[in-house]
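# Overview (structure and organization)
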2 protein chains.
Amino acid sequence: MEIKVIKDVLEANNYIACKVKEEIAKRQAMMINIIGSPGAGKTSFIVKTIQYLDIKSVVIEGDVTSDIDSRKVAEFGIPVVQVNTGGGCHLNANIIDLALQELSSSAENAIIFVENVGNLICPASFDIGEDFKVVISSIPEGHDKPYKYPAIFEKAKVTVLNKIDLMKYVDFNKDYFYEGVLTLNPKGHIFEVSSILGDGMKEWTRWLKLQFMKKFNR
Amino acid sequence: MEIKVIKDVLEANNYIACKVKEEIAKRQAMMINIIGSPGAGKTSFIVKTIQYLDIKSVVIEGDVTSDIDSRKVAEFGIPVVQVNTGGGCHLNANIIDLALQELSSSAENAIIFVENVGNLICPASFDIGEDFKVVISSIPEGHDKPYKYPAIFEKAKVTVLNKIDLMKYVDFNKDYFYEGVLTLNPKGHIFEVSSILGDGMKEWTRWLKLQFMKKFNR
């Protein structure tokens, strides 16, 4: 019985996700769904990425409650919409559909960064119409995350290993982490970054720009 | 419609949680529901706590998948049962009921530590029959967690601020964190610890032992 309901919710969500995907293509935009634990550094990663990119960018901030993250983004002059789930543990396509209407023309010819709710589990099941998912895992969280939360590491096109500057202060086996990610996702891309210091941002944003150019044969 | 189903699930859960609570009282045991983000350090915190306590302790390890954490606990000779949710984002009372049957007499006159699935959102809604909840938040996750995930900080009797040894390497405003916790939960207890180095473990385990003694007028 419960499974039936979940299936219906997912089907309804996928239907709207297709609509969002069409809307984004019409706007000549690209959308990235950024997923990670609370405190993995998603907001800082988005802000630093946009600073390194020379492409118009907008942000949709997802949180259970509060506008802390969107205020942080707005401080840098980046167009941003905050969406609150009011307790919900993930974003869905419907919320994104509404946020896109809010963003209107600022989300044209642009990269739309969606920061999902801080959660490694539930957001993995809900397509929001994104071009691809990025999972952010940070050094202090430990090297076992791909083994313990495999769904998101399997589905994400990109794994970002953030807070690489804290590597020297904690016990983190990088080989074990890479093996975990690449076993689940042999074609996955992994970027090591420090969103605070900027380490690795050039490599990541170069790759990202290429995806954006390729999408519309720019 | 969806809300109706969630309500039924919660009601059914609460019914079993009451049954679990009775079973635990019968066993002269105390159960703690430990909740935190992926990588907050829940397993290390439990192991270190048990090492500092002179009270019989057992562990129920909750994960989406894998037995990484229960193997870590078993290495220290601590009785442990692993429960996997197979994708589910929180434990529920039913799983705990089964785990208690598995633990049988080892969970008598003991503290039962339950490590919930790594998630700051969903576990807050599901009572599992525990005596109280402990939320673990770690320094690298940042000082804004109580403001962004208020439900669990409001419900937890104890907030543990873990990885205090990393304080000097990251930007963390402790006053802001405390204000967030205590506004939501004025009677809440906060303990600062390093589960790796042992800092703060004496204060925390002294308090915990007192709760255990008080429960049965020992």
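Before any of the text, the structure's been laid out above.
Residues numbered from 1 in each chain as written. Chains lettered and ligands numbered in written order. Predicted model: local features only at pLDDT ≥ 70, side-chain atom pairs only at ≥ 80, totals over all residues.

Along its length, chain A carries eight helices and seven strands. Over its C-alpha trace chain A gives a radius of gyration of 17 Å, about what one expects of a compact globule, namely 17 Å for 218 residues. The principal-axis extents of the C-alpha atoms in chain A amount to approximately 50 × 45 × 35 Å. Looking at chain A residue by residue over its 218 residues, the buried ones come to 49%. (Helix = DSSP H or I, 4+ residues; strand = E, 2+ residues; numbered from the N terminus. Rg over C-alpha atoms; globule rule 2.2 N^0.38 Å. Buried ≥ 20, exposed ≤ 12 C-beta atoms within 10 Å, placed from the backbone.)

Moving on to the packing of helix α2 (residues 42-52) of chain A against helix α8 (residues 201-215) of chain A. Residues and elements named next belong to chain A. Taken N-terminus to C-terminus, the directions of α2 and α8 make an angle of 70°; their axes are 10 Å apart at the nearest point. Considered as vectors, α2 and α8 are oriented roughly perpendicular to each other. Contact residues: α2 offers Lys48, Thr49 and Tyr52, while α8 offers Met201, Lys202, Trp204 and Thr205. Of the residues contributing to the contact of α2 with α8, the split by class is three nonpolar, two polar and two charged. (Axes fitted to C-alpha atoms, helices over the stretch in contact; angles between N-to-C directions. Parallel < 35°, antiparallel > 145°, perpendicular 65-115°, else oblique. Contact = placed C-beta atoms within 7 Å. Nonpolar A, V, L, I, M, F, W, Y, C, P; charged D, E, K, R; others polar.)

Turning our eyes to something else, we now look at the sheet that holds strand β1 (residues 30-36) of chain A. Residues and elements named next belong to chain A. Taken in spatial order, the seven strands line up as β3-β2-β4-β1-β5-β6-β7 in an open sheet, and their pairing is parallel. The sheet terminates laterally at β3 (80-84) and β7 (189-192), the two strands that pair on one side only. Neighbour to neighbour, the strand axes of the sheet diverge by 20° on average, direction disregarded. Note that strand β6 (residues 158-162) and β7 share four bridges and pair parallel. Residue pairing across strands places valine 158 opposite histidine 189, the latter belonging to β7. (Pairing = 2+ DSSP bridges.)

Ranked by internal contacts, the top residues of the largest apolar core, which has 120 residues, are Ile96, Ile112 and Val114 of chain A together with Ile96, Ile112 and Val114 of chain B. Sequence-distant contacts of valine 114 of chain A, defined by excluding residues within four places in its chain, comprise Met31, Ile32, Asn33, Ile34, Ile60, Gly62, Leu91, Ile96, Ile128 and Glu130 of chain A. (Core = buried A, V, L, I, M, F, W, Y, C linked by C-beta atoms within 7 Å.)

Residue and element names in this part refer to chain B. Taken in spatial order, the seven strands make up an open sheet running β3-β2-β4-β1-β5-β6-β7, and their pairing is parallel. Both edges of this open sheet fall to β3 (80-84) and β7 (189-192), since each of them pairs with a single strand only. Along the sheet, successive strands turn relative to each other by an average axial angle of 20°, direction set aside. Bridging between strand β1 (residues 30-36) and strand β4 (residues 111-115) involves five bridges; their strand directions are parallel. Each bridged residue has a counterpart across the sheet, and for methionine 31 the counterpart in β4 is isoleucine 112.

For these two chains of identical sequence, chain A goes onto chain B by a turn of 180° and a shift of 0.0 Å along the axis, with RMSD 0.0 Å. Those values place the two copies in the arrangement expected of a two-fold rotation axis. (Least-squares fit on C-alpha atoms with pLDDT ≥ 70 in both.)

Once that is clear, we can look at the environment of glycine 142 of chain B. Mapped onto the elements of the fold, glycine 142 of chain B is located in the loop between β5 (132-138) and α5 (145-148). Spatially, the C-alpha atoms of glycine 142 of chain B and phenylalanine 177 of chain B are 8.5 Å apart, while their sequence positions differ by 35 residues.

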